[in-house]
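Coordinate analysis (summary)
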Amino acid sequence: TERALIKQSVQLLEEAGARVGKEVSGFREPARQAVELSVDLLEKGALDVSDDDALESHLFRLLQIAPQQAGLFVGRPDGSFVYVSRGNEPGQFRTKTIRASETGAQLVWRDGSFSVLRRATDPADTYDPRTRPWYNAAELGRGSVWTDPYVFFTSQRPGLTVANPVYDGPDLIAVVGADIEIEVLSLLLSDVRDTDA
């Protein structure tokens, strides 16, 4: 009886582990797909890597259809950056734009229909995408990468990032990424545990 119980327990643990792995992979997949779609559009010229407004609109639409993502962004080799993230209020989104020729960041809050709610400037923002783990990993790996967990600069919450470099021939022209907060992954795992109980 003891051997049968141990065998059954091992089998249940293996099944639960496989189910959790499948759930987490499925949960991360939309972020990877959003990044790959963006890279494809940029490399084919359907989306202009230097057009901040077009990038913002594109990232905004992608973020609307993927609730598990905290934000989507494009960082460029000159240090410029466009980041669309979820705002503090439900249904609200925030764009942070950094231009290489300017100091600080431009901030825009929008509602779900892309209408501007307010604008602000943060002259003290020192963010440089080229110093972040996702940028360096994508640049070195020359392909799609997932970072180890780290603390996000803006929200100061831990999370993971999938990032992918964009090339024009041999030249790196941008790195596209998507953030997923650890808290959201924890909720997913909690739901899986509750389902198994």
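A few points on the structure.

**Some thoughts on empty space enclosed by the protein**
For the structure on display, the rule yields one cavity of 30 Å³ or more. Counted as a void, the largest cavity has a volume near 100 Å³. Surrounding the largest cavity, Phe-73, Phe-81, Tyr-83, Tyr-127, Arg-132, Trp-134, Tyr-150, Phe-152, Phe-153, Thr-154 and Asp-179 form its lining. A class-by-class count of the residues in the lining of the largest cavity yields eight nonpolar, one polar and two charged.

**Quick notes on the pairing of strand β8 (residues 158-168)**
Counting buried positions along β8 gives nine out of eleven residues, so the element sits mostly inside the fold. Where strand β6 (residues 145-146) lies against β8, two bridges are found, and the strand directions are antiparallel. Within the sheet, the bridge partner assigned to Trp-146 lies in β8 and is Val-162. Looking at chain direction, strand β7 (residues 150-151) and β8 are connected through two bridges and run antiparallel. Residue pairing across strands places Val-151 opposite Pro-158, the latter belonging to β8. The antiparallel hairpin formed by β7 and β8 contains six residues in its connecting segment, where Gln-156 sits at a positive phi of about 60°. Inspection of the sheet shows β8 paired to strand β9 (residues 171-181) by ten bridges, in the antiparallel sense. From the neighbouring strand, Tyr-167 faces β9, where its bridge partner is Leu-172. The turn joining β8 and β9, which pair antiparallel and follow one another in sequence, is formed by two residues; a positive phi near 65° is taken by Gly-169.

**Overview of helix α3 (residues 133-141)**
Side chains three or four residues apart in an α-helix point the same way, a direct result of the helix having 3.6 residues per turn. Buried within α3 we find Trp-134, Tyr-135 and Ala-138. Along the axis of α3, the buried positions cluster into a sector of 100°, meaning they face one direction only. The inward-facing, buried residues of α3 contact β1 (71-75), β2 (81-86), β6, β7, β8 and β9.

**Concerning the pattern of salt bridges**
Applying the stated rule across the entire model yields ten salt bridges. In this structure, Glu-56 engages Arg-110 in a salt bridge whose closest nitrogen and oxygen atoms are separated by 2.7 Å. Taken together, the residues span a long stretch of sequence, with Glu-56 in helix α2 (residues 52-64) and Arg-110 in strand β4 (residues 105-110) at a distance of 54 residues. Taking relative accessible area as the criterion, Glu-56 reaches 7% and is therefore assigned buried. For Asp-125, the salt bridge identified is with Lys-96, shortest N-O distance 2.8 Å. Remark: Lys-96 occurs in strand β3 (residues 93-98) and Asp-125 occurs in the loop between β5 (116-122) and α3; sequence separation between them is 29 residues.

**Describing the nonpolar core**
Core analysis: the biggest nonpolar cluster contains 23 residues, and Leu-42, Leu-72 and Val-176 have the highest contact counts within it. Contributing elements (two or more residues each) for this core: α1 (2-43), α2, β1, β2, β8 and β9. In contact with Leu-72, other than residues within four places in its own chain, are Ala-34, Leu-59, Leu-62, Leu-63, Val-82, Tyr-83, Val-84, Gly-177 and Ala-178. Ile-98, Phe-152, Ala-163 and Tyr-167 belong to the second largest nonpolar core, which has 16 residues in total.

**Remarks on the pairing of β3**
Of all six residues that make up β3, six are buried, and the element is covered over most of its length. In terms of strand pairing, β2 meets β3 through six bridges, oriented antiparallel. If you follow Ser-85 over to β3, its bridge partner there is Arg-94. Turn length for the β2-β3 hairpin, with the two strands adjacent in sequence and antiparallel, is six residues, and the turn residue Gly-91 shows positive phi of about 75°. Two elements, β3 and β4, share five bridges in a ladder whose sense is antiparallel. Of the residues in β4, the one forming a bridge with Phe-93 is Arg-110. What sits between the antiparallel neighbours β3 and β4 is a turn of six residues, in which Gly-104 has the positive phi angle 85°.

Conventions adopted
- Residues numbered from 1 in each chain as written.
- Predicted model: local features only at pLDDT ≥ 70, side-chain atom pairs only at ≥ 80, totals over all residues.
- Heavy atoms only, no water.
- 1 Å grid on protein atoms, 1.4 Å probe; cavity = no way out; pocket = protein on both sides within 12 Å on 5 of 7 lines; lining within 4 Å.
- Points joined across faces, edges and corners; volume = space filled by probe spheres on them.
- Nonpolar A, V, L, I, M, F, W, Y, C, P; charged D, E, K, R; others polar.
- Buried < 20%, exposed > 50% of the residue type's maximum accessible area, 1.4 Å probe, protein only.
- Helix = DSSP H or I, 4+ residues; strand = E, 2+ residues; numbered from the N terminus.
- Pairing = 2+ DSSP bridges.
- Arc of directions from axis to C-beta.
- Contact = heavy atoms within 4.5 Å.
- Salt bridge = Lys/Arg side-chain N within 4 Å of Asp/Glu carboxyl O.
- Core = buried A, V, L, I, M, F, W, Y, C linked by side-chain atoms within 4.5 Å.

Honestly, it's all geometry; don't read function into it.
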